[in-house]
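Chains, contacts and geometry: an overview
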Amino acid sequence: MTPAALRAEGLTWAPRRGHPVLEDVSLDVTPGQVLGIVGPNGAGKSTLLRLLYRYLRPASGRVLVDGQDIWEMEAREVARSVAVVLQEQPSDFALTVREIVTLGRAPHRSGLARPGLRDERIVATALARLDLSRLADRRIGTLSGGERQRVMVARALAQEPRLLILDEPTNHLDIRHQLEVLALVRTLGLTVVTSLHDINLAADLADRVLVLARGRCLAQGVPAEVLTEDLIARAFHVRVQRQTLTPSGAAHLTFHL
Ligand code: ADP
Ligand code: MG
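Right, let's walk through the structure included here. Because the structure is a prediction, the values reported are computed rather than measured. (Residues numbered from 1 in each chain as written. Chains lettered and ligands numbered in written order. Predicted model: local features only at pLDDT ≥ 70, side-chain atom pairs only at ≥ 80, totals over all residues. Heavy atoms only, no water.)

Here we look at the sheet that holds strand β4 (residues 60-65)
Note the threshold: We treat two strands as partners when DSSP finds at least two bridges between them. Each helix corresponds to a stretch of at least 4 residues labelled H or I by DSSP, and each strand to a stretch of at least 2 residues labelled E; elements are numbered beginning at the N terminus.
Read from one edge of the open sheet, four strands run β2-β1-β4-β5, paired in antiparallel fashion. The two strands at the open ends of the sheet, each matched to only one other strand, are β2 (22-29) and β5 (68-69). Taken together, the five bridges between strand β1 (residues 6-13) and β4 define a ladder with antiparallel strand orientation. Paired with Ala8 across the strands is Val63, a residue of β4.

In structure tokens form, the structure reads like this:
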């Protein structure tokens, strides 16, 4: 499966009554790249992602997956290419882990067809990659928040998407599982767009980052060039100190009021 190219041009969105939440945001992600979206609470990160996975329709601008406007595609066609992992957790606590992950196969099946052997194999692989094989027959309601989050990532992988969109995927995870999920995301070879509230994690994970503040794009590009002390200070209204950690040479940001 080839990863998708994603492009957004001049995206603007506003609620029915009220000011724009997102204004004139453009981005370009080449196949296989990881784009990190960072910005303070309320900056418009989730709204931008909702526009990218065709949940919200832009007031102006468009979203192109491999050059095709997603609003000129059928919802099901988009669902075959684009998978989403949201912050919200599933509410259907009676389903088992395996049943939830199998839902990821739905866009690939025709009509009311039941999951086949191929679907079962893909689900088993996704469960194994997220270290969930042991929990496959547990009801989702009995899992911890972090385990549930890994189930949602497994469901997204079972969808075999070409573009993966994640909204703060590390929120419910402890440090070890944060690193595991992010490392996994890196190895998928998929095109990935993820919002992350941890700027240092974004810098480590992403090929490119986009900094949002008050619905506008302040900067985008490679993390080392974009995530300057000055820009972060402006976006987040904090004081920032950038340290270079030897011997790796990686930069680390610390924040102060
Ligand atoms: P972030 O994910 O960066 O925290 P959001 O995209 O969730 O930000 O929200 C950005 C702003 O837009 C917030 O002020 C939020 O209250 C507002 N907003 C988001 N969705 C809606 C909506 N459907 N109706 C009205 N306001 C909204
Ligand atoms: Mg959000």
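Side note on the packing of aromatic side chains
Heads up, the rule is: Aromatic pairing here means that ring centres of Phe, Tyr or Trp (its six-membered ring) are within 6.5 Å. Orientation follows from the plane angle: under 30 degrees is stacked, over 60 is edge-to-face, and everything else is tilted. Think of it in three bands: with a 1.4 Å probe and only protein chains considered, a residue is buried below 20% of the maximum accessible area for its type, exposed above 50%, and partly exposed in between. As a reminder, the over-ring test applies to NZ of lysine and CZ of arginine, requiring each to be within 6 Å of the ring centre and within 35 degrees of the ring normal.
Per the stated rule, a full pass over the model turns up one aromatic pair. Their ring planes at 45 degrees and their centres at 6.3 Å tell us that Tyr53 and Tyr55 sit as a pair that is tilted. Given a relative accessible area of 16%, Tyr53 falls into the buried group. Between Arg54 and the ring centre of Trp71, over which it is positioned, the NZ or CZ distance is 4.3 Å.

A word on unusual backbone geometry
Most of the time, phi is negative for any residue but glycine, and the peptide bond is trans. Positive phi, normally seen in glycine, also occurs at Glu168, with a value near 45 degrees. For Glu168, a relative accessible area of 10% puts it in the buried group.

Here we look at the sheet that holds strand β8 (residues 191-195)
Definition in use: Note on definitions: angles span 0 to 180 degrees between N-to-C directions of axes, and those axes are lines fitted to C-alpha atoms, for helices only across the stretch in contact. When checking whether two residues touch, look at their non-hydrogen atoms; a contact exists if any pair is within 4.5 Å.
The strand order across the open sheet built from six strands is β6-β7-β8-β3-β9-β10, with neighbouring strands paired in mixed fashion. If you trace the sheet from one side to the other, it starts and ends with β6 (82-85) and β10 (216-221), each paired once. On average, each strand axis in the sheet is tilted by 15 degrees relative to the strand beside it, whichever way the strands run. Sheet contacts for helix α5 (residues 145-158): β6 and β7 (163-167); angle to β6, the most-contacted strand, approximately 180 degrees. Helix α9 (residues 229-236) rests against β3 (34-38), β9 (208-213) and β10 of the sheet, and its axis sits at about 155 degrees to β10.

A word on the site of ligand 1
The line we're drawing: One heavy atom within 4 Å of a molecule or strand is enough for the residue carrying it to be called near that molecule or strand. N or O atoms closer than or at 3.5 Å make up a polar contact, with two conditions inside protein: a donor-capable atom paired with an acceptor-capable one, and, for residues adjacent in sequence, both atoms drawn from side chains. The Shrake-Rupley method, run with a 1.4 Å probe sphere, supplies the accessible areas, and residue values consider only the shown protein chains as cover. Polar here means any residue outside two lists: the nonpolar Ala, Val, Leu, Ile, Met, Phe, Trp, Tyr, Cys and Pro, and the charged Asp, Glu, Lys and Arg; Gly therefore counts as polar.
Close to ligand 1 lie Trp13, Pro15, Val21, Pro40, Asn41, Gly42, Ala43, Gly44, Lys45, Ser46 and Thr47. The separation between an oxygen atom of ligand 1 and a polar main-chain atom of Gly42 is 2.7 Å. Measuring from an oxygen atom of ligand 1, one finds a backbone N or O atom of Gly44 at 3.0 Å. Burial of ligand 1 by the protein chains amounts to 56% of its free accessible area of 560 Å². At three residues, the largest contribution of residues to the shell around ligand 1 is made by helix α1 (residues 45-52). In terms of residue class, the shell around ligand 1 is built from five nonpolar, five polar and one charged.

Thoughts on helix α4 (residues 117-129)
This is how the line gets drawn: Expected helix span is taken as 1.5 Å per residue step, with the number of steps being one fewer than the number of residues. By arc we mean the arc of the directions from the helix axis to the C-beta atoms, nothing more.
With 13 residues, α4 should cover 18 Å at 1.5 Å per step; its first-to-last C-alpha distance of 18 Å lies within 8% of that length. Along α4, the residues classified as buried are Asp119, Ile122, Val123, Ala126 and Leu127. All buried residues of α4 fall inside an arc of 140 degrees around its axis, so they share one side. Opposite its buried face, α4 presents the exposed residues Leu117 and Arg121, each directed more than 90 degrees away.

A look at the nonpolar core
Put simply, the rule is: As used in this record, nonpolar core signifies buried Ala, Val, Leu, Ile, Met, Phe, Trp, Tyr and Cys residues forming a set joined through side-chain atoms within 4.5 Å.
In this structure, Val101, Leu130, Val151, Leu164 and Leu227 are the most contacted members of the largest nonpolar core, which totals 53 residues. Here this core takes seven residues from α5, the largest share from any one element. Discounting chain neighbours no more than four positions away, the residues touching Leu164 are Ala83, Val85, Ala156, Leu188, Leu190, Thr191, Val192 and Val193. One finds Ala4, Leu56, Val82 and Leu210 within the second-largest nonpolar core, a separate group that totals 30 residues.

Observations concerning the packing of α5 against helix α6 (residues 175-187)
What counts here: To sort the angles, those under 35 degrees are grouped as roughly parallel, those over 145 as roughly antiparallel, those from 65 to 115 as roughly perpendicular, and the leftovers as oblique.
With their axes 12 Å apart at the nearest point, α5 and α6 run at an angle of 10 degrees to one another. Taken as axis vectors, α5 and α6 run roughly parallel relative to one another. Taken together, the residues of α6 that come into contact with α5 (itself represented by Arg150, Val153 and Leu157) are His177, Val181 and Leu184. Along the lines of polarity and charge, the residues of the contact of α5 with α6 split into four nonpolar, one polar and one charged.

Details of the environment of Leu210
Within the secondary structure, Leu210 sits in strand β9. Judged by relative accessible area, Leu210 falls into the buried class, the value being 0%. In the structure, Leu210 is positioned 17 residues away from Leu227 in sequence and 9.3 Å away in space, judged by C-alpha atoms. When residues no more than four places from it in sequence are discounted, the contact partners of Leu210 are Val25, Ser26, Leu27, Leu35, Gly36, Ile37, Val38, Cys217, Ala219 and Gln220.

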